[in-house]
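Below, each chain spelled out in residue letters.
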Amino acid sequence: MDPSYQKHFTIADYVVFAILLVASVCIGLYYALSGGRQRTMQEFLMADRNMGCLPVSLSLIASFQSAVAIIGVPAEIYKHGTQYWFIGCAYILGLLIPAHVFIPILYRLHLSSAYQYLEMRFSKAVRICGTLTFIFQMVIYMGVCVYTPAFALNAVTGFELWGAVLATGLVCILYTTMGGLKAVIWTDVFQTVVMFAGQLAVIVVGIQQTGGPSEVWSKVWEGNRISGLDLNPDPTERHTFWTLGVGGVFLMLSLYGVNQAQVQRYLSARTEREAVRSCYMVFPSLQLALALSCVMGLVMFARYCGEDHSDMLGTSSGDAMVLYFVMDMLQGLPGLSGLFVACLFSAALSTISSAFNSLATVTMEDLIKPQFPTMSEARATLVSKALAMFYGLLCLAMAYLTHLMGDSVLQVALKIFGMVGGPLLGLFCLGMFFPWANSIGALAGLGAGLAMAFWVGVGSIVTRSSGTRSLPPTCGVILSANATTAIPTAVSSAVPITLSRPTGLKRFYSLSYMWYSGLNCFTVVLIGLIISFLTGPMKEEDVAPGTIYPLLGNLLFFLPECLKQKLCCVNPLGPRPSAQKRQHPPCKEGNGLALGPQEDGLSQEERESFLPNAHTAFVEHETAV
């Protein structure tokens, strides 16, 4: 890169960055040496199921807010305007549905792994397939999360690339292995505070150095970076209100509804009510995080008026441009550059520590423990710690692989992460909402969903065009015939050179990535139901109690009871605790099911508020065909 563009860390910056890493390790040491000292799987993997809603909610935010988002969202706003901000609309349903559907069912079953649900509802084969799919998803993503901030930091400051990768990975391995889920959650709390502080510092200083709020607003308005409401229904448009506000709901559900990294935090809460509250508390914090990232992108535009410094930085990555802006803004203020880099690496640490812990949990609970049911508690805990360390080292290997493949692979890996989440969401929806779905249909649906995901995803990578055209890099009002509209995804009809619309398969491949989760989820449900009916739908007596949410019965509430039983086969079951215990003894022993009313920490009113038709600790509505 051009040496004149390279910024440098001061001693104060290094000190602030080091404090973040040391504090994270100290939290891990504290939980390794206090309490039960992480000697049981319950404590190491589930934090003794004794966490309050505040730390759980902050941990949920930290897990979602990866380093890719911290520097990716400002880069998106800088190039294309504020259309991306509308994804905040998807947070409403994306958090309400998990709070009132997924959490009550999964929490009452007293699970450790979300994929234990799949064995209860379908079969062991479905559980193993779901687990392997999740492992594939997270292994790819965590390498990207470690490498992306280290690469951007190296491009701008010359900071040793592999020094940053190793420091991040090894610190995370250390506190995750020593302190278990408690250490992961409490370091997430600390790192969330650092994330917000770092972004806020950049915004305040950036606005001041750009000339104040009015000057920033004037430049971004004249530069057409304030986007209007784009109601274009075309699903191939990259970002519109529908792709972000509706397609984004499925993306949020795949993250906050069925992803083990998030589900594990719900299950670590003291009570179901605490778990639901933590989901509600995430909403304002996510909106704040989104607002900070978007405002940072606008301030960045006001500073540089859309100039592209990629060539000077020696990389085409927009991530490096964001880091350059930060270093440029804060270079005269000792310690603040280090604060933002600490913010960036906090996002990386929180995401990969969640990945390590959740991967260790699913591997232990879904793959190892069923094969060795007589394994002692001490040995199982030791194996869980070894698994967390193994996945940490694998993360470093994935970061190196990402480095070998080049910048474009970052985009590819993020697409793969989104593509795999949709089929998993579809698998859980098939089990929870459609009681006649059987295990053959579930396996066929998951296979079809993954095939659809990779067909569209790989096809879009191979045939991709230039995508959404960036808005013109200027802070002035454009009065020529080449002006574009304020909406980044729409180009004015006055533009003489237009992009030809793809046709045939290329048009199918140009589907917006925000629809991937929805398309793949729908594919799993549709194929799963068709195959289930062809092979013989599941009977009422074969469905495990507590695994069905009465969605169809609730949607068709206006029909008479006799018609509902014929059309959607809603058949409320009375409490049969003794029958339940006799019917599923292996599940009770291996997965900790069959909670009595006194064990779930809920009053009768609380149960009825979350699942109105549930009369016991289970969801007592199933169907028969």
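Every value quoted in this text rests on a predicted model; they were computed, and no experiment measured them. The residue numbering used here restarts from 1 in each chain and proceeds along that chain's sequence as written. At least 70 in pLDDT is required for a residue's local features to be given in this predicted model, at least 80 for side-chain atom pairs to be given and counted, and no such filter applies to totals for whole chains, interfaces and linings, which use all residues. Water and hydrogen atoms were dropped before computing side-chain values, which therefore reflect all heavy atoms in the structure.

1. Describing a nonpolar patch on the surface
Taken together, the side chains of I92, L93, L96 and Y280 make up a nonpolar region of the molecular surface, amounting to roughly 360 Å² of accessible area. Only DSSP runs of H or I reaching four residues or more are called helices, and only runs of E reaching two or more are called strands; each is numbered from the N terminus. Tallying contributions element by element places helix α5 (residues 90-108) first for the nonpolar patch, with three residues. The residue Y280 is located in helix α13 (residues 272-304) in this model. Residues form patches when they are more than 30% accessible in relative terms and have no salt bridge. Like charges link within 9 Å. Nonpolar side chains (Val, Leu, Ile, Met, Phe, Trp, Tyr) link within 5 Å. Working definition of accessibility: Shrake-Rupley area with a 1.4 Å probe, residue cover restricted to the visible protein chains. When a carboxyl oxygen of Asp or Glu lies within 4 Å of a side-chain nitrogen of Lys or Arg, that pair is called a salt bridge.

2. Some details on unusual backbone geometry
The phi torsion at H110 lies on the positive side, around 55°, for a residue other than glycine. Relative to the assigned elements, H110 resides in the loop between α5 and α6 (116-121). Each residue is placed in one exposure class: buried if its accessible area under a 1.4 Å probe, protein chains only, is under 20% of its type's maximum, exposed if it is over 50%, and partly exposed if it falls in between. The class for H110 is partly exposed, based on a relative accessible area of 26%.

3. Some details on the packing of aromatic side chains
Each Phe, Tyr or Trp ring, with Trp reduced to its six-membered ring, pairs with another whose centre is within 6.5 Å; inter-plane angles below 30 degrees give stacked pairs, above 60 give edge-to-face pairs, and intermediate values give tilted ones. Following the criterion strictly, the structure yields 20 aromatic pairs and no others. With a centroid separation of 6.2 Å and 65° between ring planes, the pair formed by Y78 and F301 is classed as edge-to-face. One end of the pair, Y78, is in helix α4 (residues 67-80); the other, F301, is in helix α13, with 223 residues separating them in the sequence. Per residue, the accessibility class of Y78 equals that of F301, and both read buried. Ring geometry for Y117 against F428: centres 5.8 Å apart, planes inclined by 20°, an arrangement best described as stacked. Within this pair, whereas Y117 is found in helix α6, its partner F428 is found in helix α18 (residues 408-433), the two being separated by 311 residues in sequence. For the pair formed by Y117 and F428, the shared burial category is buried. Joined through ring pairs, the aromatic side chains of Y115, Y117, F134 and F428 make up one cluster.

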